[in-house]
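Coordinates in review
These are the residues of each chain, in order.
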Amino acid sequence: MSNDKPVVTIERLTKIFETDSGRICLFNDLCTEVVEGEFAAVTGPTGVGKTTLVNIVAGLEKPTHGSVTVLGKDVTAMDDDSLTEFRGQKMGVVFQGSQLLANLNVFRNIELPLVIQKADETDRKRKTQEIIDFFGLGEKSSACPAALSVGERRKVAIARALVTEPPLLLMDEPTGGLDTSAVNILTPLLRGIHYLHKGTILMATNSLTLARMASREIPIMRPRFLMTCRL
Amino acid sequence: MNASRYLFASFTRLEALVTTEIVVSTAASIVLGSSLSVSWFSLALSTSGLSLGVFLVVMFMVSLEVSSKRREVAILRALGAKRSSLLHAFFLRTAHLAVGGCVLGVVTGYCTATLTAECSLLSSEIVGFAVIVSLVSSLSGGLVAARNLSNLKIGEVLRQ
């Protein structure tokens, strides 16, 4: 941790989902803070709301109660366009399942956030090539996602999230759904990213190995059922 | 950002149907407009029917197109693309189809009217009227459908 400047501040966060069997309350007034340079892991078993928490911090979902402040801006209160712009500039997000555009090759998938930000073309190509080289994806740069292994797709997703050099990197289960060999390749890479990125990382995971790599754990408690049956 | 190149890689069947509808409607308006046996009242009535048909077909097809590209749209939005740029991309795509459909419709309508003995009232006003009606109805249909993008829940789409 380089200093104590908060990057993510979560205050009294609650998310209530309506389901067929009743209402499920996630987080239950969660309060926490992630400071600059910190690598925090959101942990807990499947279904406790780790993905929901990452999505709320990224401004992709709205909480039922509470607020999330990222780099001084309350993402739960921002209007849609400002939030989209803010996310593009200040956050890199690695989604569960990679979420690459199928009709674009590796190079263009990674370049995409810079295109959206209207970065200068020369600068854009250089940054994309640099990150492709760092991730060892040089030989695959003209391949489409369908031709890649799951592990390679995950690498492309992480590279895409880092290409804009965002102050905050959000990762949702970066090793989820990968086989052991892919996890063994990706884990030291994630450690390297933390060392080189120098930004703040918030990662949702249920992998003990990844959680140990983080400087702090944010455990999420099991959800509460507010109503178990409906007559 | 030109979102069109990330959303529309090729010409789809839905787009082919939209174009065909615009071609048929434009050509039919020209043929009807230039026909001696059609009164102004029945011309206005049939043109309204044709333009309503174009509006509904374009709206339905573009709605399907928006639904089929929900994931791509959600990814682009999550990476920082503004809703306005994506709306613009869908609108621009509809405009391309509308203009292409109108051009083909004018050619088809002109050829049909020229070859039909009854259609001797063919004039630039009739062609212009048919083009304007087709363009307005298809573009408004596309715009109404593209507004579905506003309701897209990015987080939910990306989880699926």
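Thresholds, definitions, all that
Residues numbered from 1 in each chain as written. Chains lettered and ligands numbered in written order. Predicted model: local features only at pLDDT ≥ 70, side-chain atom pairs only at ≥ 80, totals over all residues. Helix = DSSP H or I, 4+ residues; strand = E, 2+ residues; numbered from the N terminus. Buried ≥ 20, exposed ≤ 12 C-beta atoms within 10 Å, placed from the backbone. Contact = placed C-beta atoms within 7 Å. Nonpolar A, V, L, I, M, F, W, Y, C, P; charged D, E, K, R; others polar. Pairing = 2+ DSSP bridges. Axes fitted to C-alpha atoms, helices over the stretch in contact; angles between N-to-C directions.

This part takes up the overall build of chain B. Counting secondary structure elements, chain B contains 7 helices and 0 strands. Beginning at the N terminus, the succession of helices and strands in chain B can be written as α-α-α-α-α-α-α. Overall size of chain B, expressed as C-alpha extent along the three principal axes, is 60 × 25 × 20 Å. Counting every position in chain B, which comprises 160 residues, the buried fraction comes to 43%. Of the contacts formed within chain B by residues at least 6 apart in sequence, a portion of 92% connects residues at least 24 apart.

Attention now goes to the interface of chain A and chain B. Each side of the interface is counted separately: chain A has 23 residues, and chain B has 16 residues. The greatest single-element share of the side of chain A that touches chain B, amounting to 7 residues, is contributed by helix 2 (residues 80–90) of chain A. Of the residues that constitute the side of chain A that touches chain B, the class distribution is 9 nonpolar, 8 polar and 6 charged.

Let's shift gears to the pairing of strand 1 (residues 6–19) of chain A. Residue and element names in this part refer to chain A. Two strands pair when backbone bridges link them, and strand 1 and strand 2 (residues 22–35) are joined in this way by 10 bridges, in the antiparallel orientation. Across the sheet, residue Glu-18 finds its bridge partner in strand 2, namely Arg-23. Hairpin remark: strand 1 followed by strand 2, antiparallel, with 2 residues in the connecting loop. Note: strand 1 against strand 4 (residues 65–70), 5 bridges, orientation antiparallel. Within strand 4, the residue paired with Ile-10 across the bridge is Val-68.

So, about unusual backbone geometry. Residue and element names in this part refer to chain A. Even without glycine at this site, Gln-99 takes up a positive phi of about 55°. Inspection of the secondary structure puts Gln-99 in the loop between strand 6 (91–94) and helix 3 (106–116). Take Gln-99: there are 22 C-beta atoms within 10 Å of it, and that puts it in the buried class. Look at Glu-173: it is not a glycine, yet its phi comes out positive at around 45°. Its location among the elements puts Glu-173 in the loop between strand 7 (168–172) and helix 6 (180–197). Under the C-beta neighbour-count criterion, Glu-173 is labelled buried, with 22 such atoms within 10 Å.

The subject of this paragraph is the environment of Arg70(B). Among the secondary structure elements, Arg70(B) is positioned in helix 4 (residues 70–78). Discounting residues that sit within four places of it in the chain, Arg70(B) has contacts with Leu152(B) and Val157(B).

Let us look at the sheet that holds strand 1 of chain A. The strand order across the open sheet built from 5 strands is 5-4-1-2-10 (chain A), with neighbouring strands paired in antiparallel fashion. Of all the strands in the sheet, just strand 5 (73–74) and strand 10 (224–225) of chain A have a single pairing partner and so form its edges.

Residue and element names in this part refer to chain A. The residue Ile-158 is located in helix 5 (residues 150–162) in this model. Spatially, the C-alpha atoms of Ile-158 and Pro-174 are 8.2 Å apart, while their sequence positions differ by 16 residues. Those residues within four positions of Ile-158 in sequence are excluded, and the remaining contacts are Val-94 and Pro-174.

Before going further, it helps to spend a moment on the sheet that holds strand 3 (residues 39–43) of chain A. Residue and element names in this part refer to chain A. Taken in spatial order, the 5 strands line up as 6-7-8-3-9 in an open sheet, and their pairing is parallel. Looking along the sheet, the strands with just one partner apiece sit at the ends: strand 6 and strand 9 (216–219). For this sheet, the mean inter-axis angle between neighbouring strands, taken without regard to orientation, is 15°. Direction of pairing for strand 3 relative to strand 8 (residues 200–205): parallel, over a ladder of 5 bridges. Following the sheet pairing, Val-42 is matched in strand 8 by Ala-204. Helix-sheet contacts for helix 1 (residues 50–57) involve strand 3, strand 7 and strand 8, and the interaxial angle to strand 8 is about 150°.

Everything listed here is a matter of coordinates, which is why it stays silent on function.
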